[in-house]
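# Architecture and fold: a report
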Amino acid sequence: MIIEPRMRGFICLTAHPKGAEQNVKNQIEYIQSKGAIAGAKKVLVIGASTGFGLASRITSAFGSDAATIGVFFEKPPVEGKTASPGWYNSAAFETEAHKAGLYAKSINGDAFSNEIKRETLDLIKADLGQVDLVIYSLASPVRTNPNTGVTHRSVLKPIGQTFTNKTVDFHTGNVTEVSIAPANEEDIENTVAVMGGEDWAMWIDALKNENLLAEGATTIAYSYIGPELTEAVYRKGTIGRAKDHLEATAFTITDSLQSIGGKAYVSVNKALVTQASSAIPVIPLYISLLYKIMKEEGIHEGCIEQIQRLFQERLYTGSEVPVDEKGRIRIDDWEMREDVQAKVAELWKEATTETLPAIGDLAGYRNDFLNLFGFEFDGVDYKAEANEVVNIDSIK
Ligand code: NAI
Ligand code: NA
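Residues numbered from 1 in each chain as written. Chains lettered and ligands numbered in written order. Predicted model: local features only at pLDDT ≥ 70, side-chain atom pairs only at ≥ 80, totals over all residues.

Our next topic: the overall build of the protein chain. Helix and strand counts for the protein chain stand at 14 helices and 13 strands. At 20 Å, the protein chain has a C-alpha radius of gyration in line with the 21 Å of a compact globule built from 396 residues. Projected onto the principal axes, the alpha-carbon positions of the protein chain cover approximately 60 × 50 × 45 Å. Out of the 396 residues in the protein chain, the part that is buried amounts to 47%. Partitioning the intrachain contacts of the protein chain with sequence separation of at least 6 by distance along the chain shows that 77% fall at a separation of at least 24. (Helix = DSSP H or I, 4+ residues; strand = E, 2+ residues; numbered from the N terminus. Rg over C-alpha atoms; globule rule 2.2 N^0.38 Å. Buried ≥ 20, exposed ≤ 12 C-beta atoms within 10 Å, placed from the backbone. Contact = placed C-beta atoms within 7 Å.)

This is how it looks when you write it as structure tokens:
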């Protein structure tokens, strides 16, 4: 079988194992090129297979020689159908980690469930004893609360009033106006239940109760703020409420970790093309303009560059971790630079279907999107047969 991208709406139905492998190898090479980081040695990554979570796992393993356990929810390959990209990424990650003599095991299943938490706790107990860093990097549209059995679905809506602005279909390049009706109370509650901090706190409680967190352990979750342009639909919308909750949960968790001198952080990251962000209206247009400016300025970063900087220049410098007035780590500093935002706001006014190819980085957006699924990597022969079943070493 020759594997090609097959698009449906905002998702790609196929993924390329060799391309995913190349993606992971490129990220490892980047981390190795930046030198050692005096980071954690035993790391649990929840949401470890794609995006910021995968970058966090790679940075820990190849920057600090850490043993890693990765939890994720991916589809293994079945007869005639490719796996989801995070499956191939994780297979490649384990192969490379094991080649380098590093411990790496993975758990595939619903991280929100009691069962997967139990399985993870048992694995830590058996293999690592304790962990000293827990990365919480889940992005999901749905969560079943294991205590109530209620399934919550998140929505991406403004609050209070209808939001109307430009958006782009990045496949066709068509710029249109989109109107999104405001959320009701239930929408807000559901979105907070899925993307807020409740499950993060459950994980940390479960780990702490079984003495699986080392003295001084750190936990980090990822958040986003972004510019005024996207505020109504992002930071002041339903997802923003969830991020407010996530950020508040960092303080609750830090309190709960007092006895072991532990600490919870939220890191505010840059807007990037991931499966999660491609589905949010308006954001892809913003990202395509932002990429153009940041590349011109020489300050563009992907997930791996962001997380490398988070670890090397924020978390593990040997001195106090720098935070903003709300206690958050900021690695969105270059995105939020005044000159960058002023330029994006200018371009935003001009953006139409006709102008976008020149004033925005639509090609870069598309390339990054295809990269998520293992396509468009240099050094991969996409014309070759790629039908072997790819296993993850630690998953039977
Ligand atoms: P992603 O879609 O690339 O990664 C999500 C991860 O969660 C994958 O490993 C997936 O397997 C896992 N996952 C999803 N549902 C799961 C479940 N039920 N059980 C176990 N694993 C599950 O997303 P991305 O973009 O890396 O997002 C991670 C965090 O970073 C999110 O909190 C997101 O809001 C935040 N963030 C994203 C930004 C962006 O522009 N993409 C910017 C700033 C923050
Ligand atoms: Na992730």
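Glancing now at the sheet that holds strand E3 (residues 42-46). The strand order across the open sheet formed by 7 strands is E5-E4-E3-E6-E11-E12-E13, and the pairing between neighbours is parallel. Each edge of the open sheet carries a strand with a single partner, namely strand E5 (104-108) and strand E13 (329-330). Direction of pairing for E3 relative to strand E6 (residues 131-136): parallel, over a ladder of 4 bridges. Paired with Leu 44 across the bridge in E6 is Val 134. (Pairing = 2+ DSSP bridges.)

Ranked by internal contacts, the top residues of the largest apolar core, which has 110 residues, are Ile 46, Ile 58, Val 131, Val 134, Tyr 136, Tyr 286 and Leu 290. Broken down by element, this core gets its largest block of residues, 9 residues, from helix H10 (residues 283-296). When sequence neighbours within four positions are dropped, the list of residues in contact with Leu 290 reads Ala 271, Glu 335 and Val 344. (Core = buried A, V, L, I, M, F, W, Y, C linked by C-beta atoms within 7 Å.)

This part is about the UniProt feature "active site" (unreviewed entry) in the protein chain. Using the residue numbers shown here, the UniProt feature "active site" (unreviewed entry) corresponds to Tyr 234. With 25 C-beta atoms counted inside 10 Å, the residue Tyr 234 sits in the buried group. Contact partners of Tyr 234, with chain neighbours within four places excluded, come to Tyr 224, Gly 226, Ile 239 and Gly 240. (UniProt positions renumbered as here; feature names shortened; annotations may be inferred.)

The next thing to look at is helix H8 (residues 238-256). With 19 residues, H8 extends 27 Å between its outermost C-alpha atoms, agreeing within 8% with the 27 Å of an ideal straight helix rising 1.5 Å per residue. Within H8, the full set of buried residues consists of Thr 238, Ile 239, Gly 240, Arg 241, Ala 242, Lys 243, Leu 246, Glu 247, Thr 249, Ala 250 and Ile 253. Buried residues in H8 make contact with helix H5 (185-195), helix H6 (198-209), strand E11 (213-223) and strand E12 (263-268). (Expected span 1.5 Å × (residues − 1).)

Right, let's get into the packing of H10 against helix H14 (residues 362-372). One can describe the packing of H10 onto H14 by two numbers: an axis separation of 8 Å at closest approach and a directional angle of 110°. Regarding the angle of H10 to H14, the classification is roughly perpendicular. As for how H10 packs across H14, the hand of that crossing is right-handed. Within the contact between the two elements, H10 uses Pro 284, Ile 287, Ser 288 and Tyr 291 and H14 uses Leu 362, Gly 364 and Tyr 365. Considered class by class, the residues forming the contact of H10 with H14 number 5 nonpolar, 2 polar and no charged. (Axes fitted to C-alpha atoms, helices over the stretch in contact; angles between N-to-C directions. Parallel < 35°, antiparallel > 145°, perpendicular 65-115°, else oblique. Left-handed = near helix turned anticlockwise from the far one by under 90°. Nonpolar A, V, L, I, M, F, W, Y, C, P; charged D, E, K, R; others polar.)

In the vicinity of ligand 1 there are 29 residues, among which Gly 47, Gly 51, Ala 111, Ala 139 and Thr 274 approach most closely. For the shell around ligand 1, the secondary-structure elements that each account for two or more residues are helix H2 (51-64), strand E4 (67-72), E11 and helix H9 (275-278). (Near = placed C-beta within 6 Å.)

Turning next to the pairing of E5. Counting buried positions over the 5 residues of E5 gives 5, a clear majority of the element. On E5, burial covers both faces: Ala 104, Ser 106 and Asn 108 on one face and Lys 105 and Ile 107 on the other are all buried. Note that the unit made of E4, helix H3 (residues 85-99) and E5 has a crossover that is right-handed. (Right-handed = clockwise from strand over helix to strand, strands pointing away.)

The subject of this paragraph is unusual backbone geometry. Of note, Asn 211 is a non-glycine position whose phi angle comes to about 60°, a positive value. Locating Asn 211 in the fold gives a position in the loop between H6 and E11. Of note in this structure, Glu 376 is not a glycine but carries a positive phi near 70°. One can find Glu 376 in the segment after H14.

So, on to the environment of Leu 156. You can see Leu 156 is positioned in the loop between strand E8 (151-153) and strand E9 (163-169). The partly exposed category is assigned to Leu 156, around which 19 C-beta atoms lie within 10 Å. For Leu 156 and Pro 182, which are 26 residues apart along the polypeptide, the C-alpha to C-alpha distance reads 9.4 Å. Every residue in contact with Leu 156, bar those within four places of it in the chain, is listed here: Val 233, Gly 237, Thr 238, Ile 239, Ile 280 and Pro 281.

Turning next to the pairing of strand E10 (residues 174-180). Little of E10 is tucked away: 0 of the 7 residues are buried. Pairing of E9 with E10, which is carried by 7 bridges, proceeds in the antiparallel orientation. Its bridge partner lying in E10, Asp 169 is registered against Asn 174. With antiparallel pairing between neighbouring strands as the criterion, E9 and E10 make up a hairpin whose turn holds 4 residues, including Gly 173 at a positive phi of roughly 85°.

Time to look at the environment of Tyr 224. Relative to the assigned elements, Tyr 224 resides in the loop between E11 and helix H7 (228-231). Separated by 15 residues in the primary sequence, Tyr 224 and Ile 239 have C-alpha atoms spaced 9.6 Å apart. Look past the residues within four positions of Tyr 224 in its chain and what remains in contact with it is Tyr 234, Lys 243, Val 268, Asn 269 and Ala 271.

It is worth spelling out the packing of H6 against H8 at this point. Relative to each other, H6 and H8 sit at 15°, their axes nearing to 10 Å. Between H6 and H8, the interaxial angle falls into the category roughly parallel. Judged by the sense of rotation from one axis to the other, the crossing of H6 with H8 is right-handed. When H6 is examined against H8, the residues Trp 200, Ala 201, Ile 204, Asp 205 and Lys 208 are found in contact with a partner set consisting of Leu 246, Thr 249, Thr 252, Ile 253 and Ser 256. For the contact of H6 with H8, the per-class residue count stands at 5 nonpolar, 3 polar and 2 charged.

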